[in-house]
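# Structural characterization, general
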Amino acid sequence: MSLPTPQLVELRDRLEKNLGDEPGIEGILARIERWGPDLIAGIEDVYPESGLAERIIDIVSNGLRARSHTLRMRDRIRLLTPDWFQRPDAVGYAAYADRFAGTLNGVRERIPYLSELGVTYLHLMPLLEPRPGESDGGYAVMDYRKVREDLGTMRDLASLAEALHESDITLTLDLVLNHVAAEHEWAVKARAGDPKYRDYFYIYPDREMPDQYERTLPEVFPDFAPGNFTWDDDLNGWVWTTFNSFQWDVNWTNPDVLCEYIDIIINLANQGVDCLRLDAIAFIVKRMGTNCTNQPEVHGITQILRAAAHIAAPSLIFKAEAIVAPDDLVAYLGRGRHAGRVSDIAYHNSLMVQIWSALASRDARLLAVAMSRFQDIPTTTAWATYVRCHDDIGWAIANEDCEALALNGFEHRRFLSDFYSGAHPASFADGLVFQENPQTLDRRISGTAASLVGLGRGHTAAERRLALDRLMLAYAMAMGFGGLPLIYMGDELALLNDDDFASVPEHADDNRWAHRPAMPWDIADARATTVSDAASAYSGLHRMVHVRRSLESLHASVPTRIYTTSHPSVVCFVRRHPAGDLVQVYNVSDVSVALDSAEILGHGWTLAYDRLSERYLPVVDGHVTLPPYATLWLTEPV
Ligand code: GLC
């Protein structure tokens, strides 16, 4: 450890003065030794103002004072087990509270369902008070200190967190930090002319600056929210609105905004929230002449937020939602001086897209090229691996990866949109086109996993079986890649698109609601007693989750290496771990493939055991035959 700098000593003294009479003060002071340097370095990176670190220490002190005894005990345990989200038994589940169980108390009653499935990490989609009417699925927050009324209260949230913790499940909530609802108190005050709050936003008197920015800005919702600025009469100006016109981007260059969010973060941690999903984090810093995403200051800001949060509530972790190009993604888990100091988890958007690409093209080589180009991530962090989420799928596939296989990136992305919207003649899928951009010809896709693998279009039993096998293969890749796998609500029951989504007027323009159906509890409750697609999807996923737990090689600190084989449809994910290696084999096509067994057993074994089917790998005449969508998780014989 290096010697404390004078500034660190000052911060430590300040914390001691604020909290000297608190029980466990030695532990708290040790935390400032540990995370104070990250805090100071982050501030130096981004904010020139003096006195900011002291202000933050005061916010942290107040937050700490309010932290319950139970959560402080949880902090101690987490400090001893900081890899809880990296372990093979960590499995996530994401759901809208109302669509899953009506209310927060309803969610509490469904904990046994989650436990049975093997879930240890629950992400409840936005549940803080949104603006009335259209709210982008709750991502237009009006009050960060209040729960949406029809779901319950802050007290219900805290007691839900407690009940989840008793069942060994952690709670993740969204922290929307790029924007607030136009009805948020800060926006209301800005509209009333308060200069302090006008500075919380980017407001321009005329089109001069907005036009300059627009030259290089993309459009996130070109269909229903074109442009990035919205005129507001009361403001008498144009306000920056990257997403919808009712979502006002906040100004992170203002240290008051930083301090507000630190306070919000600690308050949520004090309700028992274990992880915050940093929504749209890539957008929070703007720079003229750029696309205003992935700016370097984003990482300095995240480092400050994380250091402050860890001093107050060390069990809290961050998950970055940065749906960005592969080359920009790893920075959210930390590169260079930020390595291991920013988010703990980040969505592996690229893996998700490549899984769909491999299934459509029946060729896994592009997946292997793209994954092999990723840098390793800090060993203390994890990818969130997933097949789909509540958002659309954008075809984030790099041209240069395509070029390595003599493919044209633009054509391949177009093929994927055609394929998953069902327009391509070879398609099995049933997706919907989301946000067609006439300028870039970009077409994203909505749809549940089951609809995208073709379950909705499967007429014969054999077609439905193939679709379910595809679903299992996609999930096996996400569960086997290493990291924190996320199941999106309903995929475990192979739920199809909600064709009726547009009957809710606020949802009609946004077909992402097609893949956010409500939980059909009658189907879920019959999972063990009926023979159905839902029951087979459930038992397949349930099995995978439970096998996963027994494989130490799936700890997220170990990287996955991906190998192609002599057949383009067959790919291996190899995880080497001191506790025993794991070789996963996937056939992404609907035909059987025979391979020389050395291609699979060449990873060092003479005999292999498939942990998923609990069978030895049959080798006949030196060959292994992989049926359509074969999914093997091989270890040495147990
Ligand atoms: C994130 C959310 C998405 C939302 C956007 C704006 O990308 O996942 O649903 O529209 O942020 O908050």
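Everything discussed here concerns the structure shown above.
The paragraphs below set out a description of the structure included in this document. In every chain, residue numbers begin from 1 and rise along the written sequence. Reporting in this predicted model follows two pLDDT cut-offs: at least 70 for local features of residues, and 80 or more for side-chain atom pairs to be given and counted; totals over whole chains, interfaces and linings ignore these cut-offs and use all residues. To get the side-chain values, take all heavy atoms of the structure and skip hydrogens and water.

### Brief notes about the sheet that holds strand E1 (residues 92-95)
Two pairing modes exist for strands in a sheet, parallel and antiparallel, and in both the strands are linked by backbone hydrogen bonds. The criterion for strand pairing is that DSSP finds at least two bridges linking the strands in question. Only runs of H or I of at least four residues qualify as helices and only runs of E of at least two qualify as strands under DSSP, and these elements are numbered from the N terminus. The strand order around the closed barrel formed by 8 strands is E1-E2-E5-E11-E12-E13-E14-E17, and the pairing between neighbours is parallel. Each adjacent strand pair in this sheet contributes to an overall mean axis angle of 30°, direction not counted. Where strand E11 (residues 275-279) and strand E12 (residues 317-320) come together, 4 bridges link them in parallel fashion. What sits directly across from leucine 278, in E12, is alanine 320. For helices, the fitted axis covers only the stretch in contact; all axes are lines through C-alpha atoms, and the angles between them, taken along N-to-C directions, range from 0 to 180 degrees.

### Looking at the site of the ligand
The local shell around the ligand holds 13 residues, among which Asp136, Arg277, Asp279, Glu321 and Asp391 are the closest. We call two N or O atoms a polar contact when they sit within 3.5 Å, provided that within protein one can donate a hydrogen and the other can accept it, with sequence-adjacent residues counted only if both atoms are side-chain atoms. Take aspartate 136: an N or O atom from its side chain is 2.7 Å from an oxygen atom of the ligand. Contact between the ligand and aspartate 279: an oxygen atom at 2.8 Å from a side-chain N or O atom of the residue. Method for areas: the Shrake-Rupley scheme with a 1.4 Å probe, in which residue coverage is limited to the protein chains shown. In isolation the ligand exposes 310 Å². Once the protein is present, 95% of that is buried. Here a residue is considered near a molecule or strand provided that any single heavy atom belonging to it is located within 4 Å of it.

### Some words on helix H8 (residues 154-166)
Between its first and last C-alpha, H8 extends 18 Å over 13 residues, near the 18 Å set by a 1.5 Å rise per residue. Count one or two residues on from H8 and you reach aspartate 168, which has phi positive near 65°. Expected helix span is given by 1.5 Å per residue-to-residue step, counting one fewer step than there are residues.

### As for the environment of proline 438
With respect to the element layout, proline 438 can be found in the loop between strand E15 (432-437) and strand E16 (442-446). A simple rule labels every residue: compare its accessible area, found with a 1.4 Å probe on the protein chains alone, to the largest value its type can have, and call it buried under 20%, exposed over 50%, or partly exposed in between. Judged by relative accessible area, which is 64%, proline 438 ranks as exposed. Along the backbone, proline 438 and arginine 131 are 307 residues apart, and their C-alpha atoms lie at a distance of 30 Å.

### As for empty space enclosed by the protein
Which parts of space are left empty comes out when a probe the size of a water molecule is rolled across the atoms. Throughout, the protein atoms alone are placed on a 1 Å grid, and a set of points is a cavity if a 1.4 Å probe fits but cannot get out or a pocket if it is open with protein on both sides within 12 Å along at least five of seven lines; lining residues have an atom within 4 Å of a point. Grid points are joined across faces, edges and corners, and a volume is the space filled by probe spheres set on the points. Going through the model one piece at a time under the given rule, you end up with 3 cavities of 30 Å³ or more. Along the walls of the largest cavity sit Ala94, His123, Met125, Arg277, Tyr347, Tyr386, Arg388, Cys389, His390, Leu486, Ile487 and Tyr488, which together make up its complete lining. For the lining of the largest cavity, the element with the most residues is strand E17 (residues 484-488), which contributes 3 residues. The calculated volume of the second largest cavity comes to roughly 50 Å³. Every residue lining the second largest cavity is listed: Leu217, Pro218, Asn228, Trp240, Thr242, Phe283, Lys286, Asn291, Cys292 and Thr293. Put simply, Ala, Val, Leu, Ile, Met, Phe, Trp, Tyr, Cys and Pro go in the nonpolar bin, Asp, Glu, Lys and Arg in the charged bin, and everything else, Gly too, in the polar bin. For the lining of the second largest cavity, the per-class residue count stands at 5 nonpolar, 4 polar and 1 charged.

### Re the packing of helix H3 (residues 52-65) against helix H13 (residues 297-312)
Remark: H3 packs on H13, axes separated minimally by 9 Å, with the N-to-C direction vectors making an angle of 40°. Two packed elements cross with a definite hand, and for H3 against H13 that hand is right-handed. Each of Ile56, Val60 and Leu64 in H3 lies in contact with H13, whose residues at this interface are Ile304, Ala308, Ile311 and Ala312. Residues belonging to the contact of H3 with H13 are distributed by class as follows: 7 nonpolar, no polar and no charged. Left-handed is the label given to a crossing in which the near helix is rotated counterclockwise from the far helix by less than a right angle, and right-handed is the label when the rotation is clockwise. Two residues qualify as a contact provided that any one of their heavy atoms is within 4.5 Å of a heavy atom in the partner residue.

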